[in-house]
Every structure is written in structure tokens, then in C-alpha cells.
Amino acid sequence: MLTINNVEVMYDKVILVLKGMSMVVPKGKIVALLGSNGAGKTTTLKAISGLLKSENGEVTDGFIELYGERIDVNDAETIVKKGIFQCMEGRRVFKHLSVEDNLIAGAHTRKDRKNIKSDIQKVYHYFPKLEMLKHRQAGYLSGGEQQMLAIGRGIMAKPKVLLLDEPSLGLAPLLVKEIFSIIKKINKEEGTTILVVEQNANVALSIADYGYIMENGRIVMDGTVDRLLSNQDVREFYLGMGDKGRKSYKDIKSYKRRKRWL
Amino acid sequence: MTFLLQMIVTGIVVGSVYALVALGFVLIYKSSDAINFAQGEFLLIGTYVCLTLITAYNIPFVAALLIALMFSAVLGFVIERIVLRPFIGEPVISMIMATIGLSSVLAGIVHIIWGHETRVFPKIFSEKPVNLGEIVIAPVYLWSLLIVVVMLVIFTLFFKYSKLGIAMRATADDQQAAMSMGISVKMIFAVAWAIAAIVSAVGGILLGNINGVNASLSAIGLKVLPVAILGGLDSIPGAIIGGLIIGILESLTGGYLDPLVGGGLKEVMPFVILVFILMFKPYGLFGKKEIERV
């Protein structure tokens with residue numbers, strides 16, 4: 001349903017960040033986009049959601065389509081109305097608004113205002129902790145609670161595609177697990193298509209149906225999760241596993257495998 | 001004692017009008033981080049439009065007030081669209097400079113259309129003073145207070161509960177995140193300017209009824225800036241309390257100190273208080289503190 005075809009993105013008309021990026025996100029699936037820092041993952045998401053324009057970036061080549069309709073020419077509000085919602089990196093909750101007001105802000109583009117109350121209850125059902133904190137100022141929530149709130153805002157918008165940018169950022173491993181299992185649950189119960197960008201390849205692949213690996217502004221490898229997990233390079237560079245299971249740090253200096261896809 | 005109470009009541013009424021106009025500053029500052037130096041001219045234009053409708057076209061006061069408010073809203077929208085929209089994404093200081101330019105232009109236009117002699121509103125409220133215990137108040141003061149309170153309540157509810165109000169607060173918090181919610185930031189700016197123009201016009205019309213209308217009314221815009229800063233530039237309750245404080249202190253200074261020094265101290269007092277309070281509370285009384293989690 002969401003197709004990105006040979007997209008080039010330039011910032012400030014000089015810095016070329018995406019160099020012919022292509023990927024497909026099929027309906028109802030969870031797709032993981034993996035890659036190291038600076039690979040262009042966040043830029044890809046911002047190109048989809050239209051937030052690039054607020055950062056002096058633009059799509060200079062290629063196109064992005066939702067259900068066969070071009071969206072890369074639209075601005076951010078229109079894209080949200082068409083059903084793509086991005087949970088930005090670093091949570092970005094509205095600090096001075098209460099938890100409940102944050103959720104209402106998430107539903108800003110919804111036309112069916114009367115269902116909002118019941119949808120807030122639905123968010124509390126996924127994240128029971130938020131219900132206890134509903135009158136608290138969002139700025140005083142813990143990192144994990146803020147991440148829940150950020151995803152909750154995404155649920156409130158009832159998007160067709162939910163873009164999650166590094167939901168694991170800065171969270172304890174246990175909390176990361178909890179949040180990802182809820183993401184999976186949202187995908188199953190709401191039927192929301194999810195594109196998740198992650199550095200933590202392990203946890204992202206544990207819930208995804210399909211994965212893309214990105215380096216230097218383009219996709220270098222893609223495949224079903226099983227295929228990625230059995231690939232030598234992925235195991236070594238993204239999962240930290242050598243040929244014989246987990247690798248010890250003391251061997252790393254003496255031997256560095258060359259990535260075969262380069 | 002009666003004199004003191006009389007001064008305090010006058011101060012409350014004038015202060016509440018200041019609070020209303022300060023709300024305009026706060027709104028624009030909250031949504032776009034800019035200070036609108038053309039606030040005083042907004043006030044002047046709204047007042048003159050209302051006055052002209054009443055005196056030249058014999059339209060009843062309430063209808064004229066509503067038309068003037070609508071006119072102000074449109075004026076706010078148009079000015080945001082033409083003058084300030086190009087400054088989105090540019091440094092805030094350029095936007096502030098643009099409002100200073102705007103204020104000169106608007107002041108010039110007002111001068112061309114309406115001249116500079118003082119005009120008075122026809123008597124709208126009854127002249128018979130109201131006795132509250134020992135103090136005597138003109139009905140126009142009571143009406144002003146009532147109108148301001150009603151407007152402040154409406155705006156408080158609007159920001160707390162309405163979809164647009166929540167979106168405006170969200171935009172003030174984090175513009176990019178607001179955009180990612182599908183909130184149109186341009187729309188929010190336009191609404192902020194429209195509301196700022198409306199509250200200024202109401203403030204101007206009320207003060208015009210009390211003191212008469214001439215170009216110096218726009219100086220209220222400057223006088224209200226300390227009110228907004230005192231309350232904390234981004235706090236709506238702060239603007240209300242700041243308005244009352246400045247209003248009362250100004251009135252007391254006018255009553256007690258001006259006769260001793262020969263007048264004029266009243267005009268300076270708001271700024272003296274401002275400097276004094278900012279020495280201790282640099283963000284103003286209720287300014288938003290950055291929330292930092294440790």
C-alpha cells in the first residue's frame with residue numbers, strides 16, 4: 001500500500017541524504033527499517049510524513065505513493081489526514097499539556113469527534129499506566145511513559161500507516177520489550193500497518209514481518225525476517241553474533257568481516 | 001478609607017482591561033515566540049471602527065461592537081497572512097521588527113482616516129452612579145469589568161477544552177510535533193493573530209468609553225507590555241493577575257503620589273514595578289519554566 005520509489009532527498013539544496021531509496025510497506029504488516037546512525041532512516045520517515053519541509057529538506061527525485069496516490073507533494077497536515085501518522089524520534093510529547101490533552105491533540109484530524117472518548121479508553125487499555133497519570137503534565141512523565149503516550153497519540157489518530165521512529169530510544173531493555181509487544185498487539189487488533197525504524201535490530205525483527213536494511217541513503221538488503229536472521233552479514237553486523245554464537249569483544253580487533261553487499 | 005477603596009476599584013477595572021489586551025500579547029508570544037508591537041494600533045483601529053459605526057451610521061452599540069470585533073478578526077487574519085507569514089522559519093527578531101514597522105504603518109493610516117482630535121463615545125451606559133456601600137462607581141466601569149470577566153472566562157474554557165485551543169497550546173509547546181499531529185501551524189498562527197486583534201479591540205472600546213478616543217490610546221499597547229511580561233509572557237493566568245496588579249498600583253500611585261510630585265508618576269509606575277519584579281523573577285510571575293527531567 002505504501003510505496004517509496006527511488007526517492008532522493010536533499011537538505012538545504014546541497015546535502016544529499018537519500019540516494020535512490022525504494023521500499024514497499026504491505027497492508028496490515030509490520031515492516032522494520034534497520035540501519036546505523038546517519039543511514040537516512042529518520043529522513044525516510046520524514047519524507048513519507050511530509051515533515052521534511054519544515055527542516056529545509058525536499059524530495060528531489062522519485063515518488064512516494066499511498067494506495068497509488070502520490071503523497072510526496074502534499075504538506076504534513078494533508079498527509080496525516082490521508083492516514084499516515086509519524087511518532088517522532090525522542091517522543092516529543094507536548095510537555096505542558098496533560099496526558100489526556102496530548103491524546104486529544106493526537107486526534108486533531110479526526111472527523112468523528114464523538115468517538116474520541118472511547119478511543120482514549122482504548123489507549124488506556126493498551127497502556128493502563130497512562131490512565132493513572134491522565135491529569136499529570138506530560139513533561140513530568142518518565143521516558144517509558146512518554147513513549148507510551150507518543151504511541152497512544154498515534155492510536156488516537158486512527159492512521160492507516162503508523163510510522164514509529166526509534167521507539168526503544170533511551171529505554172531500559174525490559175521496557176523496550178513491553179513496548180514492542182504492545183506495538184505488535186496494536187498491529188493485530190487494530191489492523192494498523194506499521195513501519196518501525198530501529199537501531200535495536202534484535203527487538204525490531206522479533207515483531208516484524210519483513211525487514212529492510214539501509215546504509216548510506218539506500219536499501220542494501222531486504223527480506224522476510226527469517227531470511228534476514230539467517231544471513232551471515234546481518235547476524236554479524238546487526239545482531240552481534242559470529243559464526244559460533246555470540247561474539248566476544250576480545251576477538252573483534254583481530255578480525256573484521258567485510259560486508260558482502262558492498 | 002473610602003478614597004483607598006475607590007482607587008482600588010478603579011484600578012481593578014482598568015487592570016482587567018489591561019489583562020484582556022495583554023492576553024493578545026501572550027497568545028502571539030505563545031504560538032510564534034514573537035512580541036507584537038502593533039498591539040496598540042490594533043486596539044486603536046478596533047475602537048475607531050466601532051466609534052465610526054455608532055456616530056456616523058447610527059448603529060446600536062452592541063451591533064457595532066460585534067461588527068468591530070469581526071472586522072478586527074479579519075484584520076488580524078489578513079495582517080498575519082500578508083506581513084507575518086513570510087517570516088515563519090526566520091529568526092524571531094525579524095518578526096518582531098516587522099511588527100514595529102507594522103505599528104508605524106497602521107498608526108499612519110489611522111491618522112489619515114480619523115485625524116488626531118479626541119472623540120468621545122455617545123453615552124451608552126447610564127450616567128447614574130452606582131453606590132456600593134461607601135464607594136461610588138460609574139456604570140461604565142461595572143460593565144467593563146463584566147465584559148472583561150466574561151471574555152476571560154470564554155478564552156480560558158476555549159484553551160482548556162476546545163479542539164482548536166488544545167491544538168494552539170500544543171503548537172506553542174512543540175511546533176514540529178504539532179505538525180506531525182496534522183495540526184496546521186499556519187492556521188494556528190492566523191487564529192492567534194485574529195484573537196489578539198479581537199481582545200485589543202474590546203479593550204480599546206472599553207477604555208474609549210471611559211476616557212475618550214484619540215491616537216494616544218495606542219500607548220496602552222506599550223503599557224500592557226509590562227503587564228504581559230510581569231505575568232510571564234506565556235501565561236494566560238499570569239496576564240490576568242499581572243493586569244490587576246498593574247492596574248491597582250497605577251491607580252493608587254495616581255491617587256496618592258501624583259499630587260505630591262505634581263503628576264506623571266502614574267505613567268511610569270508600571271515600568272518601575274516591572275523592573276523590580278523581573279529582578280527577582282526573571283520569567284515573570286507565572287512564566288513557563290522549561291520542564292527538564294533529570
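Residues numbered from 1 in each chain as written. Chains lettered and ligands numbered in written order. Predicted model: local features only at pLDDT ≥ 70, side-chain atom pairs only at ≥ 80, totals over all residues.

By the naming in an unreviewed UniProt entry, chain B goes by ABC transporter permease and is assigned to Sporosarcina globispora. Quoted verbatim from the Subcellular location (unreviewed entry) heading of the UniProt record, the comment on chain B is "Cell membrane". (UniProt positions renumbered as here; feature names shortened; annotations may be inferred.)

Chain A appears in an unreviewed UniProt entry as Branched-chain amino acid ABC transporter ATP-binding protein from Sporosarcina globispora. What UniProt records for chain A under Sequence similarities (unreviewed entry) is the sentence "Belongs to the ABC transporter superfamily."

Draft legend 1. Expanded view of the overall build of chain A. Along chain A, the regular secondary structure elements total ten helices and twelve strands. In summary, chain A has a C-alpha radius of gyration of 19 Å against a globular reference of 18 Å for 262 residues, a match within 12%. Here the C-alpha coordinates of chain A stretch approximately 60 × 40 × 30 Å along the principal axes. Of all 262 residues assigned to chain A, the portion counted as buried reaches 45%. Summarising the internal contacts of chain A: among those between residues at least 6 apart in sequence, 68% fall at separations of at least 24. (Helix = DSSP H or I, 4+ residues; strand = E, 2+ residues; numbered from the N terminus. Rg over C-alpha atoms; globule rule 2.2 N^0.38 Å. Buried ≥ 20, exposed ≤ 12 C-beta atoms within 10 Å, placed from the backbone. Contact = placed C-beta atoms within 7 Å.)

Draft legend 2. Geometry of the UniProt feature "transmembrane region" (unreviewed entry) in chain B. All names here are of chain B. Residues annotated by UniProt as "transmembrane region" (unreviewed entry) correspond here to residues 6-29, 41-59, 65-84, 96-115, 135-159, 187-207 and 268-286. Taken end to end, residues 65-84 is 100% helix and 0% strand, and its two terminal C-alpha atoms sit 27 Å from one another. Spanning residues 187-207, this segment combines 100% helix with 0% strand, and its end C-alpha atoms are found 30 Å apart.

Draft legend 3. Quick look at the interface of chain A and chain B. Between chain A and chain B, the contact holds 24 residues from the first and 17 residues from the second. Counting only elements with at least two residues in the side of chain A that touches chain B, the list comes to helix 2 (76-82) and helix 3 (99-106) of chain A. Here the side of chain A that touches chain B is built from residues that sort into ten nonpolar, eight polar and six charged. (Nonpolar A, V, L, I, M, F, W, Y, C, P; charged D, E, K, R; others polar.)

Draft legend 4. Representation of the sheet that holds strand 1 (residues 2-11) of chain A within the structure. All names here are of chain A. Taken together, the four strands give an open sheet; going across it, the order is 2-1-4-5, and neighbouring strands pair in antiparallel fashion. Edge positions in the sheet fall to strand 2 (15-25) and strand 5 (69-70), since each of these pairs with one other strand and no more. Bridge count between strand 1 and strand 4 (residues 57-66): eight bridges; the pairing is antiparallel. Note on strand 4: the bridge partner recorded for T3 is E65. Contacts from helix 1 (residues 41-49) reach strand 1, strand 2 and strand 4, with the element oriented near 70° to strand 2. (Pairing = 2+ DSSP bridges. Axes fitted to C-alpha atoms, helices over the stretch in contact; angles between N-to-C directions.)

Draft legend 5. A look at the packing of helix 2 (residues 39-57) of chain B against helix 8 (residues 185-211) of chain B. Residues and elements named next belong to chain B. For the pair helix 2 and helix 8, interaxial distance at closest approach is 7 Å and the crossing angle is 60°. Overall, the two elements helix 2 and helix 8 adopt an arrangement that is oblique. Judged by the twist between their axes, the crossing of helix 2 over helix 8 is right-handed. Taken together, the residues of helix 8 that come into contact with helix 2 (itself represented by Q39, F42, L43, L44, G46, T47, C50 and L51) are A196, A197, S200, A201, G203, G204, I205 and G208. Its residues placed into classes, the contact of helix 2 with helix 8 shows nine nonpolar, seven polar and no charged. (Parallel < 35°, antiparallel > 145°, perpendicular 65-115°, else oblique. Left-handed = near helix turned anticlockwise from the far one by under 90°.)

Draft legend 6. Quick look at the UniProt feature "domain: ABC transporter" (unreviewed entry) in chain A. Feature annotation in UniProt places "domain: ABC transporter" (unreviewed entry) on residues 2-241 of chain A, given in this structure's numbering. For the annotated span residues 2-241 of chain A, helix accounts for 38% and strand for 28% of the residues, and the straight-line distance between the end C-alpha atoms is 32 Å.

Draft legend 7. Examining the environment of Y161 of chain B more closely. Residue and element names in this part refer to chain B. Summarising the element assignment, Y161 is placed in helix 5 (residues 139-161). On the basis of neighbour count, Y161 is assigned to the exposed category, with 11 C-beta atoms found within 10 Å. It is 22 Å that separates the C-alpha atoms of Y161 and G232, two residues lying 71 residues apart in sequence.

Draft legend 8. Just the packing of helix 3 of chain A against helix 6 (residues 143-156) of chain A, in detail. Residue and element names in this part refer to chain A. Where helix 3 meets helix 6, the closest approach of the two axes is 7 Å, and the angle between their N-to-C directions is 40°. With respect to their mutual orientation, helix 3 and helix 6 come out oblique. As for the relative orientation of helix 3 and helix 6, their crossing is right-handed in sense. When helix 3 is examined against helix 6, the residues V99, N102, L103, A105 and G106 are found in contact with a partner set consisting of L149, G152, R153, G154 and M156. The class makeup of the residues in the contact of helix 3 with helix 6 is five nonpolar, four polar and one charged.

Draft legend 9. Quick look at the pairing of strand 4 of chain A. Residue and element names in this part refer to chain A. Two strands pair when backbone bridges link them, and strand 4 and strand 5 are joined in this way by two bridges, in the antiparallel orientation. In the sheet register, E65 faces strand 5, and the bridge partner there is R70. A loop of two residues connects strand 4 with strand 5, the two strands running antiparallel in sequence, and Y67 in this loop sits at a positive phi of about 50°.

Draft legend 10. Structural context of the sheet that holds strand 10 (residues 218-224) of chain A. Residue and element names in this part refer to chain A. Read across the open sheet, the six strands follow the order 6-7-8-3-9-10; overall the sheet is mixed. Strands at the two margins of the open sheet, each flanked by one partner only, are strand 6 (84-87) and strand 10. Across the sheet, the mean angle separating the axes of adjacent strands is 15° when strand polarity is ignored. Pairing of strand 3 (residues 30-35) with strand 8 (residues 193-198) involves five bridges; the strand directions are parallel. Note on strand 8: the bridge partner recorded for I30 is I194.

Draft legend 11. View of the environment of I241 of chain B. All names here are of chain B. Tracing the backbone through its elements, the reader meets I241 in helix 10 (residues 236-261). Along the chain, I241 and I35 lie 206 residues apart, while their C-alpha atoms are 19 Å from each other. Contacts of I241, omitting those with residues within four sequence positions, involve G231 and L285.

Draft legend 12. Region of interest: the confidence of the model for chain A. Across chain A, the average pLDDT comes to 90, with 93% of residues at or above 70. When pLDDT is averaged over each element of chain A, strand 7 (residues 161-165) of chain A comes out on top at 96 and strand 12 (residues 245-246) of chain A at the bottom at 62. (pLDDT = per-residue confidence, 0-100.)

Draft legend 13. Main features of helix 4 (residues 92-114) of chain B. Residue and element names in this part refer to chain B. For helix 4, built from 23 residues, the straight-helix expectation of 33 Å at 1.5 Å per residue is met to within 8% by its first-to-last C-alpha distance of 32 Å. Next to the buried residues of helix 4 lie helix 1 (2-32), helix 2 and helix 3 (61-84). The first or second residue beyond helix 4 is G115, which carries a positive phi of 70°. (Expected span 1.5 Å × (residues − 1).)

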